Each structure stands twice: as structure tokens, then as C-alpha cells.
Amino acid sequence: MVEVSRRALLRTASVAAGAAALGGLWARAAPPASASGGGGEGEAAGHGRRDIHRDVATDANLRWARLPAGWQDAPFLANGYLGAQIYGGATPQTLKLMLSHTQVQDQRGQWEAGIGLSRLPVGYLTLTFAGAITAVDWTLDIYNAELSGTVTTTQGSVAFSALVHNDLGVLLVSLSPSAGEANAAWAFQPLVSATTRTIRKPPEYVANPAPTLGISGGVQYAEQPLLAGGGYTTAWRERRFGTRRLLAATIVYGFPKPTHTRDAIRGVQEALSSNLDILVARHRHWWNSFHHKSFVSVPDKWIQRFYWIQLYKIAASTRADAPVVSEWGPWFPEVGNSWTAVWWNLNVQVTYPIVNSANHPELDAVTTTFRRDHANLELSVPPAYRDGETYALSHPSDWRLRPGGTRTVGVPGTPNKTDQTGNLLWGLHNVWLAYRHSMDERVLRELYPALAKALNFYRHFLTPGADGLLHLPLTRSPEYADAADCTYDLSLIRWAARTLVDTAAKLRINDPRIKAWQEISAKLVPYHQGADGVLIGDGVPLADSHRHFSHLLWLYPLREKLWERPGDRDVMRRTFDHWTSMQSLWHGYSYAAASSMCSVMDAPEEALKFLQVFLNRTIVGDTQLTPNTMYREGANFAIESPITAAQSIVDMQVQGANGVLKVFPSVSASWAEASFAGLRTEGAFVVDASRRGGATDWIRVHSEAGEPLVLEHGIRGDIEVRDGWGRPVPWRAEAPGRIAVRLRRGGTAVIARRGARPDLDPRDVTALGTAPAWGLPG
């Protein structure tokens, strides 16, 4: 009798489980009965309540009743590294699965990052059918991060499911074809391994060598070497379980060691030999847990669904240990994209705030990037100023903060000045926000030395004038104009100097530079102003439409001037009104920024209007939000605008800057109801709240750090404050509608009308009307 090894038995069991998984776990799940978009409040099995997070996320699912043509309207899957988009191929019989990977880049550092350290195209899988595609019925299930549906052809149909496994970074696609499509065939087409950027592309630039195609252990692969060493490999294999089929594909990048082919083959083999029930359960567990960390529901279900899709998108795009988001995210746009690296003059900075406010620090790649690669910031400093104590950040960079070639930020006051002097300080403001939302002192200690070196760049150029104030020579306001005392730079300098002084005090650091920072705070020239508010810089007004809001950073997000201070209101409003009076050259993030600025200026109806203009896919020039909630500027893929619009939605619900936590501070009167849970604010407060009848119903605040809590609550009538067990909590009135509550670390306060005992669970509020699904639903 032949002895069967334990390994063989396990392999046989895993194949059987795989077949079961293809027909069970991977079967297209019907949406929960609640996912009608009507905003009801049903019950859940076992506990008398439904899983409201699941229901609302499921209601946001994207749907396709028409075949998408490209990245602008295709479904998208990713895990922060491997990305896939699915759309029509070159022939009526073909589907294309475009693959990309956030780590795959060139390593020819003799050229600037957009060329020599460029993100590189990888390739695409094709699925060719016997017949021409006549219909599709697809659902992108954002709660489970899975795409499923059917493809109908002139010869039959194929049911399928697809996911990019959260842990393994492997694309898994199951197929269940009818008899007429039993021979639908997979193939892979590598793309030329070269930058797609043409701006300043040197004539001596050549593509990397052609890939080598091979097969090992039943796994096919395309091995792409890099001229600089290392490379990347795409590997794939399909297995059959009776009439059902399972494809596994992955991309592995290796530099400088060429281990990518071995690791890619191993990744495919591991996926196909694993228990698929367990694999899918692990994948779904991560994504389900992700969606339970916070909750937002508003009456406009078009906006609500958009918000939940952006949370899915940012989680698909980035993780704390993954590369910081580039303009493509994990997805490659195959037509005409010249943004091949990481853009630091606005794009990264406006993408990441949502990870703090939506309670997802596990996505914060910015803080990780500066922690890991801050030494590379010296490469962006002009050589004459590299003293070991100065940092800067040129853009674009690669995801390791390297500018490539001899590219640096410009020198203020000289002909080679650039608009990049403020990039690093604005990027470090994102790290500051991560600290303020967590109050994790370790983040602050890591931020402090980098922030001091970033401010030190400006200290080389700040000079006293005849007025006794510190002035800045000519720099450039991003994408607009040259100016001395440039407002963009001054606002960041002022924020950095004050933050360093405060941080040194908090960390009890006796730093000899404190006196210099205090002097900067005290003597830095005020922003130059005119009849229309703050100018671009000394003698330079905003004379034309400008998509960047660089000269308004002091208003948002730096929050230097506050609407609640009467003396600040006039300059805030005049400057904002002048910028918004000229919108012909605005892009998507302009509308998102304008919405958030209105929210911090107590203008909820304007805030909603700016958001609606963007979300209703109004074409502005050559820019547009696309049907799948991606965003194009001309032919270029730009990921930041939709994601920052999600932060605009949060800013309507809750704000926590400058020591005051405001609940429903900027909700339109048309939204009589709203509900949120798990939103995080500065001070490390995690907040739940409900709005009914046009006013706050109740609030629950959990303090993770024991910071002072001043709460603007919006509850009508007398209130009471209790802890999580219903016991009274001390509080005092600070002003009408504003109270101070004493909360220790780990403490919770529930604020409600006196005598009320509200239901503290989040709810999907009643819809104002019907709204279509995102995608191509019909």
C-alpha cells in the first residue's frame, strides 16, 4: 500500500475547499434586504439590530449595466500595492484587466524622479471569449472589496468574482462559464517598461529591456529587468475545478536584488495551494473591520454613497507601510498620463487628512514615509545650503522622497527660485495632523527634528527690513506668480515656528533654536493685503482664476485665523470671496477646498453647493469627476480630488481644531437629519452624534488622551452630561451652546437634552429622494 503524505492530503483538501469556495463564498451575494437606499432602520439577526455599517457600505456599491471602456469608468480593486481595473479590450470578444503596482518604479537616479525614478507600466491580462460581449451585470462590493457579476456574449455567459487579496497581494478571479464559453482564455500582455512622462525627457533616455516570458511549476511569468538592476515580475496561473476556474496573478518588485521572479511564482503557488475559504475569510475580515471603524450617513444618498466609496478607494490606494499615494494610486492609466511620481505641491497633502478624521491611522503612509526616509530630504536642498541641518522637498519625488538627478528646490531671491519651497512644511503639517488626532507623543518626537530642519531652509533667507520685521525675498506662489513675502510661504513659516516653540515646551526640550523660532513668530511680516483681502505676496494681487488655494492656507487647513474671532472674519471672507469669484480655471480640489473653507466660516449652504458642483460631475474646462468616482484632468488620472472631497463631507459633520470640538458645525438646513460614529478629531477624541429635526439630538465623545474638551454641541434646550454608565459628568457653560467637560484619558461623555435617554447607535438617515448608484448602472 502506498503511503499518502500529510502534505498531499492537505493539498487535496485545499483543492476540494477551493472548489467549494468558488461555488460558495465566491458566489455573488445578494445585497442585504436593507440596502435599498431608502435609509430605514431595520433589525439585525440575533441582536435586534442590523449591521448598519455593512448595510450602508453595501448601499454604496458601484454597479455596471454597460461595459466600461477604460480607467475613467471601470471597477477598481487594490490592497495598497497591487491594483487592477477591468474594462473592455481591443476587440468585442475581449476583457482587459489592467495591472499595476505602487512599488514598481525605475531606479535611474541620474534623471529627475518623473523620468529616472518614474512609476512604470506593467501590463494587462486579457480574457478572450468565443463570442462578442453583448451585456454585463457587475457589482463592486466595497464592504468586501470584491467585484462580481456576469458577462454575456453571443455564445453564452460567464459568471465571475474577483478580488485583490488584502494580505497576499494576489489577484484572484473565479470563472463559471456556460458551455458556449467554456474555452474563454487568459493571456498576458506586458507594456513597455519606460516612463510615460514626456516633460523634460532627455534625448538619451531609453526604455528598459524587453521582458522574458517563461513558465515554472505551472506558473507563467513575465520577468522585466531594469537597467539599474533588479526588476519586477508578473506571474499568473489558472486552475480548474470541474467547470469552474480560478486564476491567480501577482506582481513582485525587487531592487536591488533580483528576487522578484522567485517571489512572484511563489506568491501564485501559495495562493492556489491555500484553503480558499480561509483566504477569502481573511480578506473579508480586514475589509469588514475597516468599514466598521467609522460611519457617516446624510440624507443625500448620492453624496453618502460617494463618501463611502472614497473610504474604500483610499484604503485600496494606500497603507501605512505602503508607498505614499502617487497620482495614479495603484492603477495605471494607459493613455497619456505624465504624472509618473509623487506630487508634493498639493496632491499628497490634500489626499491624506481623511485618514485621520475617518479614524484610519492604518492608512497613514505620510507619517511612515517621513519617519523612514527623512534623510533623503537633504537631496532636495540646493548644494550651497546643505549643512546637515537643512531639509527641503522637491516635487515630484519618488516614494522614498528622492528628487532624482540634480533637481532641488529653488533658491529664494534668485532667478532659479521655484514654487516648491513650501512643499516640505505642508507635508509635515500632515504629520502634525496625525499627531493631533492621536496625541501620540512618539509621532511628535519624530516630527520635531524634521520640522526644525525644514524651517531652517527659510531661515537662510529671512532678513529684517527697515520696518523691523522679517521679510522673505522673491519666491513663487505655486503655479501662479513670483512675489516677495509670498503668502504661501509666510503662512507655512508662521505655522512651523509656532509649532516648534510649542513642541519644545511640550517635550521639555531645551533647544538653543527656540529663541530664533520665537523671533520668527513675533517679527514675521504680516500678510500683505488689498481691497480684496490677502494678496499672493507683496504688491501681487490674485488677478486671474487660480486652481490652487496656496494664498489661503492660513484659512484652511492651517486654521491660523478663526471665524469665531470677530477680528478675523473680514479678511477671511474678503479673501475667500475674491478667490471664488473667478472659477474658470478651477479643478476638482478647488471645489473641495472651497467647501471646507465655507464649513469653517459657518456657511453650510455654500459648503454644500461647492461640493454638489463637483459631485454632480459638472465639467470645468477639461476636468471632470468620472462615473466610477475617479477624476481626470485632460487625459491625466489625478486621484486626490475625490478623496479630499470626502474630507469636505466630514468638515460639515465635525471639526476639532484650535481646542474646540464642534458637532454638526456646517450642515445644510436641507439636511434635517444626519448621523455619524467613530469620527476622530484633534485632541484624540472619537465622536458619535445624531441630528434630528434640524438640530443635534445627542453626542458621545470618547477621550483617548485626556485632553481638555470644549464642546460646541448644538443641542436645543437644557442639557445633561453623563458617562458611559449613565452617571453625571462635571461640566460648565463656556458660552451659549458651548460647554467644557472634564474627561480623563479613556473617559466617555454622552451629551443630550435633559431627561432624554437616546438610542446611541448610528443610523442610516431617511433619504431626501432617490439617487442612482455610481458606476454605469444603466
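Now for a description of the structure that goes with this document. (Residues numbered from 1 in each chain as written. Predicted model: local features only at pLDDT ≥ 70, side-chain atom pairs only at ≥ 80, totals over all residues. Heavy atoms only, no water.)

**Topic: the pattern of salt bridges**
Side chains that carry opposite charge are capable of pairing whenever their charged atoms lie near each other.
Okay, step 1: Within this structure, the stated rule accounts for 43 salt bridges.
Okay, step 2: Linking R305 and D59 is a salt bridge whose minimum nitrogen-to-oxygen distance equals 3.0 Å. Residue R305 is found in helix 6 (residues 301-317), and its partner D59 is found in helix 2 (residues 52-59); the two are separated by 246 residues along the sequence.
Okay, step 3: Here R732 and E734 are joined by a salt bridge, their closest N and O atoms 3.0 Å apart.
Okay, step 4: On the basis of relative accessible area, R732 is assigned to the exposed category, the value being 52%.
Okay, step 5: Residue class for E734 comes out partly exposed when judged on its relative accessible area of 40%. (Salt bridge = Lys/Arg side-chain N within 4 Å of Asp/Glu carboxyl O. Helix = DSSP H or I, 4+ residues; strand = E, 2+ residues; numbered from the N terminus. Buried < 20%, exposed > 50% of the residue type's maximum accessible area, 1.4 Å probe, protein only.)

**Describing the packing of aromatic side chains**
Okay, step 1: In the structure shown here, the tally under the stated rule is 32 aromatic pairs.
Okay, step 2: Where F457 meets Y458, the ring centres are 6.1 Å apart and the plane angle is 75°; that geometry is what we call edge-to-face. With respect to burial, F457 and Y458 carry one shared label: buried.
Okay, step 3: Seen from their ring centres, F576 and F610 are 6.1 Å apart, and the 85° between their planes marks the pair as edge-to-face. Of this pair, F576 sits in helix 14 (residues 566-580) while F610 is found in helix 16 (residues 604-615), placing the two residues 34 residues apart along the sequence. (Phe/Tyr/Trp six-rings, centres within 6.5 Å; stacked < 30°, edge-to-face > 60°.)

**Re the packing of helix 16 against helix 17 (residues 640-653)**
Okay, step 1: The geometry of helix 16 relative to helix 17 is characterised by a closest axis approach of 11 Å and an angle of 155° between their N-to-C directions. For the element pair helix 16 / helix 17, the angle class is roughly antiparallel. When you trace helix 16 past helix 17, the crossing you get is left-handed. For the pair helix 16 and helix 17, contact is made by A607, L608, L611, F614 and L615 and by S641, P642, A645, S648, I649 and M652, respectively. (Axes fitted to C-alpha atoms, helices over the stretch in contact; angles between N-to-C directions. Parallel < 35°, antiparallel > 145°, perpendicular 65-115°, else oblique. Left-handed = near helix turned anticlockwise from the far one by under 90°. Contact = heavy atoms within 4.5 Å.)

**Some words on the nonpolar core**
Okay, step 1: Counting 215 residues, the largest nonpolar core has L125, L171, Y307, F370, F549, W579 and I751 as the members making the most contacts within it.
Okay, step 2: Those residues in contact with W579 that sit more than four places away from it in its chain are L542, H546, R547, H548, F549, H551, L552, W586, S590, A593, A594 and M597.
Okay, step 3: Counting residues in each nonpolar core, the second largest holds 17 residues, with V219, L246, A264 and I265 among its members. (Core = buried A, V, L, I, M, F, W, Y, C linked by side-chain atoms within 4.5 Å.)

**A closer look at the pairing of strand 34 (residues 748-753)**
Okay, step 1: With five of its six residues buried, strand 34 lies for the most part within the structure.
Okay, step 2: Across five bridges, strand 29 (residues 695-703) lies against strand 34 in antiparallel orientation. Residue I699 lies in a different strand from strand 34, and its bridge partner there is I751.
Okay, step 3: Pairing of strand 31 (residues 719-722) with strand 34 involves four bridges; the strand directions are antiparallel. Of the residues in strand 34, the one forming a bridge with E720 is A752. (Pairing = 2+ DSSP bridges.)

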